[in-house]
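Understanding the architecture of this molecule
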Amino acid sequence: MILMNDFKTEPAELRAAMLRAAQRVIESGWYVLGNEVAQFERLWAEKCGVSHGIGVANGMDAIEISLRALNVGPGDEVVTTAMTAFATVLAIHRSGATPVLADIDPDTALLSLESVKRCLGPRTKAIVLVHLYGQLAEMDAWVSFCDSHNIFLVEDCAQAHLASWNGRFAGSFGAMGAFSFYPTKNLGALGDGGMVVTTDDEYAVYASKLRNYGQRQRYYHDHYGLNSRLDEMQAALLMERLRYLDQFTESRRKIALTYAKNIRQNRIEILSTPTQQKSHVYHLFVIKCNERELLQAHLKSHGVDSLSHYPVSIHHQIPCIDLKKDPKGLGYCEEHARTCLSLPIYPQMENSDVETVINAVNSFRID
Ligand SMILES: *Cc1c(COP(=O)(O)O)cnc(C)c1O
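Described below are features of the structure shown in this document. Computed from a predicted model, the values in this text were never measured in an experiment.

Looking only at helices and strands, the protein features twelve helices and 15 strands. Computed over its C-alpha atoms, the radius of gyration of the protein comes to 20 Å, within 12% of the 21 Å expected for a compact globule of 367 residues. Summarising its shape, the C-alpha atoms of the protein cover approximately 70 × 55 × 35 Å along the three principal directions. Every one of the 367 residues in the protein was classed for burial, and the buried ones make up 56%. Contacts in the protein between residues far apart in sequence, at least 24 positions, make up 72% of those at least 6 positions apart. Total accessible area computed for the protein in this model is approximately 16,200 Å², and 50% of it derives from carbon and sulfur atoms. Placing the 36 positive and 42 negative side-chain charges of the protein at their respective mean positions leaves the two points 1 Å apart.

In structure tokens, the structure reads:
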């Protein structure tokens, strides 16, 4: 079976480096928020082209802490996409703010600016822009829109590590950027992890207090914060994995190019190719098919795993039924949820695996 991810096929040198890093942490006798975390925060912030990185426990907390560091909370509305991981909306809810759901652009499945405009109100304080599947698009338009409306831009970069737009990286456009290092993400830990990035010194200080009980120094608490700290072990492992990120990203892009060139099936549509080569890091490669369940079964019978991201739009999730949404409805989200399918695209896929996936997709027929 060609799986969605297969970590056991990662380079032996990477595994050896991780074992050395793990040993270093074990022997250091210091396990939470220490030198490894501080070093990784500096490295990741530098990679993203921002001044500060604040290591946190996971990507969902990174979004919540980003919002709270901007003083977005009860009474405020935050507009985001209804086609995202549930964590995006859960994080907004946890901040105390009220999520408002906007529709997507059907060609990319990214948040639609036109739809966002219909979702604005006097209480709109922030937009959480999700770089879905690893794509950055029209960042100039988002930045100028948020600036001119006095709305904070918070980037959900959980799927978009080092995706760039006109040479600038994901996380460097908004007031805050939120990363996840969940194992399946493009840069993944061997457990949970996340990071808040920002170039604003005050937001950075607030975020670093919030992640650790709201304390400014041990036992002196300025806020009701969270326990959302990053482990030394994960930071040390992430630094080893970071050395491979560029190479892994190139590998994902190469597979995506091969898919885009060779997938030919009149019942299947591929999401539009990015307008800039570096704007997509292919966390996922997504196709659309009206007979999605049949296609998925067909792929499985040919030894190819697949998953839908996401089969249920946020406004159809039980706790979200009554959330405010685009008055025109969320028709593109609904269509996408019904038809989308993600194909395997992990960096270690062999050429023959890629070929197997293409042949399996192209041989799909309906009697
Ligand atoms: C994975 C993900 C998150 C949440 O990250 P966790 O580390 O799992 O909490 C948030 N948003 C998006 C778009 C994601 O893909």
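Picking up where we left off.
Counting residues in hydrophobic clusters, the biggest one holds 46 residues, and the most contacted among them are Leu67, Val78, Leu132 and Val196. Looking at this core, the elements that each hand over two or more residues are β1 (52–56), α3 (59–69), α4 (86–95), β4 (124–130), β8 (176–180), α7 (201–210) and α11 (331–339). Per element, the largest residue contribution to this core is five residues, and it comes from α3. Not counting chain neighbours up to four residues away, the residues in contact with Val78 comprise Leu67, Val72, Ile92, Ala97, Thr98, Pro99, Val100, Ala126 and Val128.

Let us now look at the site of the ligand. Near the ligand lie 14 residues; those nearest to it are Gly59, Asp156, Gln159, Ser180 and Lys185. Interatomic distance of 2.6 Å between a side-chain N/O atom of Lys185 and an oxygen atom of the ligand. Compared with its free state, where it exposes 380 Å², the ligand has 89% of that area covered by protein. Cavity membership is defined here by more than half of the atoms lying within 2 Å of grid points; on that basis the ligand lies in the largest pocket. Mapped onto the shell around the ligand, the elements with two or more residues apiece are α3 and α4. Of the residues contributing to the shell around the ligand, the split by class is six nonpolar, six polar and two charged.

Taken in spatial order, the three strands of this open sheet run β12-β13-β15, and their pairing is antiparallel. Of all the strands in the sheet, just β12 (268–270) and β15 (340–343) have a single pairing partner and so form its edges. Going across the sheet, the axis of each strand differs from the next one's by a mean of 35°, ignoring polarity. In this sheet, strand β13 (residues 285–289) lies alongside β12 in antiparallel orientation, the contact comprising three bridges. Paired with Ile270 across the two strands is Ile287, which belongs to β13. The strands touched by α11 are β13 and β15; relative to β13, the strand with the most contacts, the crossing angle is about 95°.

Here we take up the environment of Glu202. Inspection of the secondary structure assignment puts Glu202 in helix α7. Owing to a relative accessible area of 66%, Glu202 belongs among the exposed residues under this scheme. Expressed as a C-alpha distance, the spacing of Glu202 and Trp30, which sit 172 residues apart in the sequence, is 28 Å.

Counting across every chain of the model gives two cavities of 30 Å³ or more. Quantified by volume, the largest cavity comes out at close to 140 Å³. Surrounding the largest cavity, 18 residues form its lining, Phe7, Glu10, Asn186, Arg241 and Phe248 being those nearest its centre. Counting residues per element, the lining of the largest cavity draws most heavily on helix α9 (residues 245–262), at three residues.

Across the sheet, eight strands lie side by side as β1-β9-β8-β5-β4-β2-β3-β14; this open sheet has mixed pairing. If you trace the sheet from one side to the other, it starts and ends with β1 and β14 (324–325), each paired once. In the sheet, strand β2 (residues 77–81) pairs with β4 via four bridges, with the strands oriented parallel. In the sheet register, Val78 faces β4, and the bridge partner there is Ala126. Each of β1, β2, β4, β5 (152–156), β8 and β9 (194–198) is contacted by α3, which is oriented at about 165° to β8, the strand it contacts most. Of the strands in this sheet, β2, β3 (98–102), β4 and β5 are in contact with α4, which crosses β3 at around 145°.

Cut-offs applied
- Residues numbered from 1 in each chain as written.
- Predicted model: local features only at pLDDT ≥ 70, side-chain atom pairs only at ≥ 80, totals over all residues.
- Heavy atoms only, no water.
- Helix = DSSP H or I, 4+ residues; strand = E, 2+ residues; numbered from the N terminus.
- Rg over C-alpha atoms; globule rule 2.2 N^0.38 Å.
- Buried < 20%, exposed > 50% of the residue type's maximum accessible area, 1.4 Å probe, protein only.
- Contact = heavy atoms within 4.5 Å.
- Areas by Shrake-Rupley, 256 points an atom, 1.4 Å probe, with all protein chains shown as cover.
- Lys, Arg positive; Asp, Glu negative; His and termini not counted.
- Charge placed at Lys NZ, Arg CZ, Asp CG, Glu CD.
- Core = buried A, V, L, I, M, F, W, Y, C linked by side-chain atoms within 4.5 Å.
- Near = heavy atom within 4 Å.
- Polar contact = N/O pair within 3.5 Å; in protein donor to acceptor, adjacent residues only side chain to side chain.
- 1 Å grid on protein atoms, 1.4 Å probe; cavity = no way out; pocket = protein on both sides within 12 Å on 5 of 7 lines; lining within 4 Å.
- Sits in = over half its atoms within 2 Å of the grid points.
- Nonpolar A, V, L, I, M, F, W, Y, C, P; charged D, E, K, R; others polar.
- Pairing = 2+ DSSP bridges.
- Axes fitted to C-alpha atoms, helices over the stretch in contact; angles between N-to-C directions.
- Points joined across faces, edges and corners; volume = space filled by probe spheres on them.

Just geometry here; none of it tells us what the structure is for.
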